[in-house]
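# Working through the structure, step by step
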Amino acid sequence: MKNYIIVLGIALVLTSCASKSSFNTFYADNKNECEFSISSPAFLANLFIPKDDVREYEDLFKKVKHYKVMVFSDASKSLDKKFNRFIKQKKYASIFRVKQNGEQVQLYFLQNKNSIKEIVLKVKSDNDYVLLGLKTNISEEDFNKIIEDSEISISSL
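I will try to describe carefully the structure that is included in this document. Small disclaimer: the values here were computed from a predicted structure and weren't measured.

### Considering the packing of aromatic side chains
- Going through the model one piece at a time under the given rule, you end up with eight aromatic pairs.
- Centroid distance Phe-83 to Tyr-108: 6.0 Å. Interplanar angle 70 degrees. Geometry classified as edge-to-face. Linking Phe-83 in helix 5 (residues 77–89) with Tyr-108 in strand 4 (residues 103–112), this pair joins segments that are 25 residues apart in sequence. The exposure classification of Phe-83 matches that of Tyr-108, with both residues buried.
- Aromatic pair Phe-86 and Tyr-92: ring centres 5.6 Å apart, planes at 45 degrees, arrangement tilted.
- For Phe-86, a relative accessible area of 7% corresponds to the buried category.
- Its end group placed over the ring of Tyr-27, Lys-68 keeps NZ or CZ at 4.7 Å from the ring centre.

Structure follows, in structure tokens:
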């Protein structure tokens, strides 16, 4: 009996550690509802990213381990509510939010101590809803330097 309790305790700890990849959970729960989804290791996806278009973020892309992309057409308000609830429950921090001409862009990150483990980009318009999840292991210091060196202006991180 004692062994079963120890095994159950270890299983609970491992399960809680496995949930650290939060966007993976949202992806798995919702990929059947989207028009297009892809999950790719970074070494493969980076072959298709145009280097000239993202040169100023090269240091960030070097730290990405995995990409997940979800594209929804005619996304409902229920999907947006589900995503926003997910963001709050998993304690993502919002980096910035831009609204312009009916389009909305939001960038979130999930931090563990001084390291950013996940970055999620949400792009929403009247017709489309796109989510991009990046599994990373980038220090907060390195991330701030990348943002400072880029053309993005953010009031505070």
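What follows continues from the structure just given.
### Brief notes about the pairing of strand 6 (residues 128–139)
- Two elements, strand 2 (residues 64–73) and strand 6, share nine bridges in a ladder whose sense is antiparallel. In the sheet register, Val-64 faces strand 6, and the bridge partner there is Thr-136.

### Focus: helix 6 (residues 140–149)
- Every buried residue of helix 6 is listed here: Phe-143, Ile-146 and Ile-147. One side of helix 6 carries all its buried residues, which in axial view fall inside an arc of 95 degrees. Seen from the buried face of helix 6, the exposed residues on the opposite side, beyond 90 degrees, are Glu-141, Glu-148 and Asp-149.
- Lining the buried residues of helix 6 we find helix 4 (58–63), strand 3 (93–100), strand 5 (115–124) and strand 6.

### Describing the sheet that holds strand 2
- Pairing within the open sheet is antiparallel, and its six strands lie in the order 1-2-6-5-4-3. Each edge of the open sheet carries a strand with a single partner, namely strand 1 (36–41) and strand 3. Neighbour-to-neighbour, the strand axes of the sheet open up by a mean angle of 10 degrees, direction not taken into account.
- Here strand 1 runs beside strand 2; their pairing, made up of six bridges, is antiparallel. Across the sheet, residue Ile-38 finds its bridge partner in strand 2, namely Val-69.
- Each of strand 1, strand 2, strand 4, strand 5 and strand 6 touches helix 2 (residues 22–30); the most contacted strand, strand 2, lies at about 35 degrees to it.
- Sheet strands touched by helix 5: strand 2, strand 4, strand 5 and strand 6. Its angle to strand 5, the strand with the most contacts, is close to 165 degrees.

### A closer look at the side chain of Ser-22
- Within the secondary structure layout, Ser-22 lies in helix 2.
- The residues touching Ser-22, leaving out its near neighbours within four places in the chain, are Phe-86, Lys-90, Tyr-92, Leu-110 and Glu-118.

### A few points about a negative patch on the surface
- A grouping of Glu-35, Asp-74, Glu-103, Asp-126 and Asp-128 is seen on the molecular surface, where their side chains present a negatively charged patch.
- Inspection of the secondary structure assignment puts Glu-35 in the loop between helix 2 and strand 1.

Conventions adopted
Residues numbered from 1 in each chain as written. Predicted model: local features only at pLDDT ≥ 70, side-chain atom pairs only at ≥ 80, totals over all residues. Heavy atoms only, no water. Phe/Tyr/Trp six-rings, centres within 6.5 Å; stacked < 30°, edge-to-face > 60°. Helix = DSSP H or I, 4+ residues; strand = E, 2+ residues; numbered from the N terminus. Buried < 20%, exposed > 50% of the residue type's maximum accessible area, 1.4 Å probe, protein only. Lys NZ or Arg CZ within 6 Å of the ring centre and 35° of its normal. Pairing = 2+ DSSP bridges. Arc of directions from axis to C-beta. Contact = heavy atoms within 4.5 Å. Axes fitted to C-alpha atoms, helices over the stretch in contact; angles between N-to-C directions. Patch = residues over 30% accessible without salt bridge, like charges linked within 9 Å, V, L, I, M, F, W, Y side chains within 5 Å. Areas by Shrake-Rupley, 256 points an atom, 1.4 Å probe, with all protein chains shown as cover. Salt bridge = Lys/Arg side-chain N within 4 Å of Asp/Glu carboxyl O. Lys, Arg positive; Asp, Glu negative; His and termini not counted. Charge placed at Lys NZ, Arg CZ, Asp CG, Glu CD.

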